[in-house]
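Here is what each chain is made of, one letter per residue.
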Amino acid sequence: AQSVSQHNHHVILSEAASLELGCNYSYGGTVNLFWYVQYPGQHLQLLLKYFSGDPLVKGIKGFEAEFIKSKFSFNLRKPSVQWSDTAEYFCAVTSRYNQGGKLIFGQGTELSVKP
Amino acid sequence: KAGVTQTPRYLIKTRGQQVTLSCSPISGHRSVSWYQQTPGQGLQFLFEYFSETQRNKGNFPGRFSGRQFSNSRSEMNVSTLELGDSALYLCASSLALPGLEPGELFFGEGSRLTVL
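In this report, we go over the structure that sits alongside the text. (Residues numbered from 1 in each chain as written. Chains lettered and ligands numbered in written order. Predicted model: local features only at pLDDT ≥ 70, side-chain atom pairs only at ≥ 80, totals over all residues. Heavy atoms only, no water.)

## Some remarks on the overall build of chain B
Here is step 1 of the chain: For chain B, the count of helices and strands is 0 helices and 11 strands.
Here is step 2 of the chain: Listed N to C, the secondary structure of chain B is β-β-β-β-β-β-β-β-β-β-β in terms of helices and strands.
Here is step 3 of the chain: The dimensions of chain B, computed from C-alpha atoms along their principal axes, are 40 × 30 × 25 Å.
Here is step 4 of the chain: Burial analysis of chain B (116 residues in total) assigns 49% to the buried set.
Here is step 5 of the chain: Considering only intrachain contacts with a sequence separation of at least 6, the fraction spanning at least 24 residues in chain B is 56%.
Here is step 6 of the chain: Summing over all exposed atoms, chain B offers an accessible surface of approximately 5400 Å²; the carbon and sulfur share of this is 50%.
Here is step 7 of the chain: Averaging the locations of the 11 positively and 8 negatively charged side chains of chain B gives two centres separated by 6 Å. (Helix = DSSP H or I, 4+ residues; strand = E, 2+ residues; numbered from the N terminus. Buried < 20%, exposed > 50% of the residue type's maximum accessible area, 1.4 Å probe, protein only. Contact = heavy atoms within 4.5 Å. Areas by Shrake-Rupley, 256 points an atom, 1.4 Å probe, with all protein chains shown as cover. Lys, Arg positive; Asp, Glu negative; His and termini not counted. Charge placed at Lys NZ, Arg CZ, Asp CG, Glu CD.)

So, in structure tokens, the structure goes:
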């Protein structure tokens, strides 16, 4: 069965620190990968996605993620976080051949950025 | 354009009752998915509807059901509520046309259900 594991439940950083959130997935086939973000009091929104091609993908607000197929990983990075990055971050996977909205989400990582 | 709209935003029910939640997708989106979000289990996929047909289903008991109307609006129903059904229920819509890559999901703000 598909599953997604996010290593860190809660991460606390100071502004300007670098960020890396881990995500590993379990799935035997070809996958599409996503990172979603949920800011306090707001709805989930897409941060970035990987379908194929360059394994380093760039998203909104300076975030990027690297797909490493051999490690079944899709870690999220940002070189310098801001207070406004405080949010919960979710990694998600779906089969490349799945049509539609069935995503498997990780448990989420809560990021707190101290000003 | 308007986002995904879910109603009601908050509701309180007692065990044994049933509840119906509504979701209006973004105009033009034909796929509607439902997720349950809880602190312990995270986001779990309930089901997805496309063109009034259930296209995918998660591992939830039959008490959880849904439907989609011809205008793409969707409802989900939970019967015989249990305490463990307390959660944030999220609806997401996408274009998700057959033959294309799974598209970006656009989420609503959710319906927070409390079961007493």
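## A word on the overall build of chain A
Here is step 1 of the chain: Per the secondary structure count, chain A includes 0 helices and 12 strands.
Here is step 2 of the chain: For 115 residues, the compact-globule estimate of 2.2 N^0.38 gives 13 Å, and chain A sits close to it at 14 Å.
Here is step 3 of the chain: Each of the three principal axes of chain A carries a C-alpha extent, and together these read 40 × 25 × 20 Å.
Here is step 4 of the chain: Per-residue burial over chain A gives 49% buried out of 115 residues.
Here is step 5 of the chain: In chain A, the share of contacts with a sequence separation of at least 24, taken over all contacts with a separation of at least 6, comes to 56%.
Here is step 6 of the chain: With 10 positive and 8 negative side-chain charges, chain A shows a spacing of 7 Å between the two charge centroids. (Rg over C-alpha atoms; globule rule 2.2 N^0.38 Å.)

## Some remarks on the state of the cysteines
Here is step 1 of the chain: On inspection of all chains with the given rule, the structure shows 2 disulfides over all chains.
Here is step 2 of the chain: Residue Cys 23 of chain A pairs covalently with Cys 91 of chain A via a disulfide, S to S 1.9 Å. Across the S-S bond of Cys 23 of chain A and Cys 91 of chain A the torsion is about -65°, and the bridge reads as left-handed. Taken together, the positions of Cys 23 of chain A in strand E4 (residues 23-26) and Cys 91 of chain A in strand E10 (residues 87-95) put the pair 68 residues apart, joining distant regions of the chain.
Here is step 3 of the chain: You can call Cys 23 of chain A buried: its relative accessible area is 0%.
Here is step 4 of the chain: Taking the relative accessible area as the measure of exposure, Cys 91 of chain A reaches 0% and is therefore buried.
Here is step 5 of the chain: For Cys 23 of chain B, the disulfide goes to Cys 91 of chain B, at an S-S distance of 1.8 Å. Of note, the bridge from Cys 23 of chain B to Cys 91 of chain B carries an S-S torsion of about -60° and is left-handed in sense. Here Cys 23 of chain B, found in strand E3 (residues 19-24), pairs with Cys 91 of chain B, found in strand E9 (residues 87-94); they are 68 residues apart in sequence, far enough to count as distant. Cys 91 of chain B matches Cys 23 of chain B in its accessibility class, with the two residues each being buried. (Disulfide = S-S within 2.5 Å.)

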